[in-house]
Structure formats: C-alpha cells, structure tokens
Amino acid sequence: MHDVLPPDSARRRELVQHFAAMAAAAGYGEVVPPLLEDLGVFLRVGESTDVVTKEMYDFVDKDGSRIALRPEITAGVVRSFVQHRPALPWKVWYAGTNFRHERAQKGRYRMFDQVGVEVLGVDDPDLDVEVIALAARFFESIGLRQVELLVNSLGDHDDRARYTEAVRVYFESRRGELSEAAQGTLDRNPLRVLDAKRPSDQQVVQDAPRIAEYLSEASAAHYGRVREGLDAVGVAHTESPLLVRGLDYYRRTTFEFAATALDAAQNAVGGGGRYDGLAEDLGGPPTDGIGFALGVDRILLACDAEGVFPAPGPELDVFVVDVVDGTAARDLTHELRGAGISADRRFGGGSMKSQMKTADRSGAAVAVLVGEDEAAAGEVTVRPLQGQGEQRRVPRDALLSALRPLLLAPPTPAPAPRTTPNPRTTT
Ligand code: HAM
C-alpha cells in the first residue's frame, strides 16, 4: 500500500475527473458502494479464484458477521442493484479503492484504485460495443497509444460449462507436463490454466481446445456482432481465444487492455466483460450485465512509460508577498479567496528576495507585493509572473480590477449560500 502525495494526487484526481466526464457524457450516473461488503457477496462470485480465496482481506465484525474489504467493485454494484432495484437499464460508473493481498511489486499493489462502469439489464451486443469503446476512447483521450485490446467470448452458461469440461479433460491428459502450480490451478479452476505464464505450461496451453468450437449459435452470433461493431466504430482489437479473466462471473464477451509499454506480468491496465448470471447469484432476478474496471495506478505507470498525461502544474492566481508584518498578507489572501481568486502566501516573513522565490515556485500567475512604501500609501504592487504585462502600483481598493486581466482563468465565484429554507424556521 502506498501514500499518494502532491503532485501525483492532482494527476490522479484529474484522471478520475476525466473518466467521470466521459462516462457522464455517455449517460452513466455515479454509484458509490461501500468499501466493505458481507463476505458472502464475494464468495458467491468467485469461490475458485485466487482473488477471493487467497487475496481477500476479511475479518469478523463486532456482531460476528464476516466482512471483507472489497477486492473489486462489480460484485458490490450488482449487490446494490439487487437491493435497490433501480429502473432498467441501469448505467453506472464508479471510482474507488480495492484491496487484494497480492505479492506486491511494481504495478501490483495491495491497495489500488479503479475506475469503471457497469450496465444492468441489456442483452444487446451493441451495448458491449458501447462499453468497450468507452474504455478504448478513454485510454486514447489521455494520450496512451500503446494499449492493445484483446477480446474473446467465453460462451453462455452452458457453453462455458462444456468448454471448461473439455479443457479439464485435455489438461488432465497432459498433467505430467504441467508445472506444480498449474496442476494446482487445474484442480481448482481448469479454465485458469489457460492463463499460465510459465513457458513450459504455455507449450501445453497452445494445443488446448478453443472456445470457438463450443459456442452455441446464439453466443457466436452475439460475439460476431460485437466484433463487427468494434470495427464499425473504429476500435482496433485482437481476438484472443485463450483470454480467460481472473474472476469467475464472466459469460460471453470478455476483454482486456494491455499496455505494451509496461512489463508483461503487470501490463493489464483494464478488463471486463459480461456477467449475465451474477444478479441471480446474488439473489436478484435474472438480469444481464456487463462492465469493466481500469487500474488507475497502472494507467499512470503506462502514462509515465509513454511520457503522456503529466501531473498538472500548480495552479494559483496570486501569491501575496508581505515584507511588512504579515497583516496585508493575512487580509488580502482572505479577500481574494472570497472574490473567487486563488491565493497563497508565506508565513513567518522573510526578505523580498526569498519570498519572491517562494512565489515563483508556487506557479502563481501574479505576485502582489506589499512593502513599507505601499503600506504607508494604501497601495499594492502587482507583478505578473507569467505571460505579458508590466509591474504597476495600484490603490489597494483597485486590486481586484487590476488583477482580473492578468489571471489565467476567470475567477470562480465562491459557492452561493443555500437558499432552501430551513424547515424548522418556516411556517
Ligand atoms: P480485474 O481484471 O481483476 O477486473 O481488475 C481490473 C484492473 O484493475 C486490472 O486490469 C488492473 O489494471 C487493475 N488491478 C487489479 N489488481 C491490481 C493490483 N493488485 N494492483 C494494481 N492494479 C490492479 C475486475 O476487477 C473486474 N471487477 C472488472 C469488471 C467490471 N468486470 C466487469 N465489470
């Protein structure tokens, strides 16, 4: 787990805000499920996955119930759907923190953030295209160019079951050639052997049965329409018949985004797919679902690797330099902030030269200087630090109008007081 400090925190916030704006522009509302869920919510979605069996932080609560810190957000969103039954289709986005007790390394953390979307109640393959395209556009819009999209279909419930059995029988017939780890995976979750990374296992995986032969006509048609739609809207993708995801709930369309500028072991920057049986598993009516989650920490590593989406510079309108006694700095910063102009100052005084250094480092557009002369005359000196403009002295009460043309953005008015009457004071 790691701390996020400025300016990385600002970069993270900007990334999430950008995602939020894109999701909102496609008709998604924000959902904020709790960080903790009943352990059962996760057990029901992935009893044979590492995420649930090995990596979950769970504990017994004060009332004896078993609780888990969420390792992902989809299960909580679907639990929330089952509980509140919002009107369908339900299109939501989220941003939040997850916990997995993984072997920590660069790009793989025990606490990490995701942004994502989920849609409930739509069977249409064109929705799969909308969802996948949203993620692909997001990567593109933050400047990432080396992101590869892999797609596959795992078939519907019955196709998947038949395919899993075929894969199990196949790997059993070559068990002796598999590593000990892959043999363990075979016992728990045969499909996951397809994801084995060791070269010796890979050789066995290469000859494994392919899902295409096990897809029903309807599943194949759904998958065909998804690929056709991705082509039509210009989302480049590669079919990856061995793509199996790390969670159990997937049916039909599945996909993953790999940042090729990162190390292969941690280059998945996002993934998702359909989970048509999940609402039912969590006690709701049969409801189709699809979504994705993107790993914020990894996306930022990929941005570093490609040299895009830098941390935003500090943004400040005014730095007040007071070399008298701090009274002007105290009063002016308050006044400016009240007028919607961002302002900062230094505490503890200091010479003009050293305070100006701090002002330069602050990234402020303008320095407002108050020395003995200015204080005596009821004036201030306005010195542009960026862009054009001459230094000039103005009466203190003309400061706001002198500043306005020098600021980078128009002042944001302070929030207006709420006008809704207090119910206790109205009659
Ligand atoms: P996931 O593939 O487990 O899917 O995680 C999605 C993304 O979260 C990964 O591609 C990766 O970028 C990031 N991630 C996962 N684990 C870590 C970690 N330990 N450290 C850093 N980043 C990590 C899900 O979570 C599904 N809920 C996605 C989904 C939504 N499927 C349908 N809807």
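Here is a short report on the structure shown in this document. Please read these numbers as outputs of a predicted model, since none were measured by experiment.

Thresholds, definitions, all that
Every residue gets a number counted from 1 within its own chain, in the order that chain's sequence is written. Totals for whole chains, interfaces and linings use all residues, but because this is a predicted model, local features are given only for residues with pLDDT of at least 70 and pairs of side-chain atoms are given and counted only at 80 or more. Excluding hydrogens and water, the side-chain figures rest on all heavy atoms present in the structure. Any two of the Phe, Tyr and Trp rings considered here, Trp counted by its six-membered ring, make a pair once their centres fall within 6.5 Å; the pair's planes then place it as stacked at under 30 degrees, edge-to-face at over 60, or tilted in between. Secondary structure elements are defined from DSSP: runs of H or I of at least 4 residues count as helices, runs of E of at least 2 residues count as strands, and each element is numbered from the N terminus. Burial status follows relative accessibility: with a 1.4 Å probe on protein chains alone, a residue under 20% of its type maximum counts as buried, one over 50% as exposed, and anything between as partly exposed. Throughout this description, the term salt bridge denotes a Lys or Arg side-chain nitrogen within 4 Å of a carboxyl oxygen of Asp or Glu. When charges are counted, Lys and Arg contribute as positive and Asp and Glu as negative, whereas His and the chain ends are disregarded. Patch building starts from residues that exceed 30% relative accessible area and form no salt bridge, then joins like charges within 9 Å and nonpolar side chains (Val, Leu, Ile, Met, Phe, Trp, Tyr) within 5 Å. Note on areas: Shrake-Rupley with a 1.4 Å probe; residue coverage comes only from the protein chains shown. Whether a residue is near a molecule or strand depends on its heavy atoms: if one lies within 4 Å, it is near. Between N or O atoms, a polar contact is any pair within 3.5 Å; within protein, one atom must be a potential hydrogen donor and the other a potential acceptor, and residues adjacent in sequence are included only when both atoms are from side chains. Any residue that is not Ala, Val, Leu, Ile, Met, Phe, Trp, Tyr, Cys, Pro, Asp, Glu, Lys or Arg is counted as polar, Gly included; the first ten are nonpolar and the last four charged. DSSP bridges decide pairing: two strands pair if at least two such bridges lie between them. Each axis is a line fitted through C-alpha atoms, taken for helices only over the stretch in contact, and angles between the N-to-C directions span 0 to 180 degrees. Should any heavy atoms of two residues lie within 4.5 Å, those residues are considered in contact.

1. Focus: the packing of aromatic side chains
Reasoning step 1: Inspection of every chain in the model, using the stated rule, returns 11 aromatic pairs.
Reasoning step 2: With centroids separated by 6.2 Å and ring planes inclined at 80 degrees, the aromatic side chains of Phe19 and Phe292 adopt a geometry described as edge-to-face. A residue pair is termed long-range when its members are at least 10 positions apart, and Phe19 in helix H1 (residues 8–25) and Phe292 in strand S11 (residues 289–295) qualify at 273 residues.
Reasoning step 3: Its relative accessible area of 2% is what places Phe19 among the buried residues.
Reasoning step 4: By relative accessible area, Phe292 is classed as buried at 1%.
Reasoning step 5: Here the aromatic rings of Phe81 and Trp90 are separated by 6.1 Å at their centres, their planes lie at 35 degrees, and the arrangement is tilted. A single burial state applies to Phe81 and to Trp90, both of which are buried.

2. Here's the deal with the environment of Ala212
Reasoning step 1: Tracing the backbone shows Ala212 in the loop between helix H8 (199–206) and helix H9 (217–232).
Reasoning step 2: In this structure Ala212 comes out as exposed when scored by relative accessible area, which is 57%.
Reasoning step 3: For the pair Ala212 and Leu369, spaced 157 residues apart in sequence, the C-alpha to C-alpha distance is 72 Å.

3. Section: the pattern of salt bridges
Reasoning step 1: Throughout the structure, instances matching the rule amount to 29 salt bridges.
Reasoning step 2: Its salt-bridge partner being Arg12, residue Asp113 comes within 3.2 Å of it at the nearest N-O pair. Here Arg12 lies in helix H1 and Asp113 lies in strand S6 (residues 111–120), a separation of 101 residues in the sequence.
Reasoning step 3: One salt bridge in this structure joins Arg227 and Glu239, with 2.8 Å as the shortest N-O distance. A residue pair is termed long-range when its members are at least 10 positions apart, and Arg227 in helix H9 and Glu239 in strand S8 (residues 238–239) qualify at 12 residues.

4. A look at the side chain of Arg251
Reasoning step 1: Looking at the element boundaries, Arg251 is found in strand S9 (residues 251–259).
Reasoning step 2: No salt bridge is formed by the buried Arg251; its nearest oppositely charged neighbour, Asp281, is found at 5.2 Å.

5. Things to note about a nonpolar patch on the surface
Reasoning step 1: Together, Leu35, Leu36 and Phe59 give the surface a local cluster of nonpolar side chains, amounting to about 240 Å² of exposed area.
Reasoning step 2: Take Leu36: it is sitting in strand S2 (residues 36–38).

6. Some details on the site of the ligand
Reasoning step 1: Glu72, Thr74, Glu102, Tyr109 and Tyr250 are the nearest of the 27 residues found near the ligand.
Reasoning step 2: At a separation of 2.8 Å, an oxygen atom of the ligand approaches a polar side-chain atom of Arg245.
Reasoning step 3: At a separation of 3.0 Å, a nitrogen atom of the ligand approaches a polar side-chain atom of Tyr249.
Reasoning step 4: Taken by itself the ligand offers 660 Å² of open surface, and the protein chains cover 96% of this.
Reasoning step 5: Where the shell around the ligand is concerned, the elements lending two or more residues are S6, strand S10 (268–274) and S11.
Reasoning step 6: A total of 6 residues in the shell around the ligand trace back to one element, the largest contributor, which is S10.
Reasoning step 7: Each residue belonging to the shell around the ligand can be placed in one class, and the counts come to 11 nonpolar, 9 polar and 7 charged.

7. Thoughts on the sheet that holds strand S14 (residues 364–370)
Reasoning step 1: Taking strand neighbours across the sheet as the criterion, the 5 strands line up as S13-S12-S14-S15-S16 in an open arrangement whose pairing is mixed. Two strands bound the open sheet, and with one partner strand each, they are strand S13 (343–345) and strand S16 (392–395). Neighbour to neighbour, the strand axes of the sheet diverge by 30 degrees on average, direction disregarded.
Reasoning step 2: Of the pairings in the sheet, the one linking strand S12 (residues 316–322) to S14 comprises 6 bridges and is parallel in character. Bridging across to S14, Val318 finds its partner in Val366.
Reasoning step 3: Each of S12, S14 and strand S15 (379–384) touches helix H13 (residues 352–361); the most contacted strand, S12, lies at about 170 degrees to it.

8. Examining the pairing of S15
Two faces, one strand: in a regular strand the side chains alternate between the faces of the sheet.
Reasoning step 1: Sheet topology note: the S14/S15 ladder contains 4 bridges and is antiparallel. Residue pairing across strands places Ala367 opposite Arg383, the latter belonging to S15.
Reasoning step 2: Across 4 bridges, S15 lies against S16 in antiparallel orientation. If you follow Val380 over to S16, its bridge partner there is Val394.

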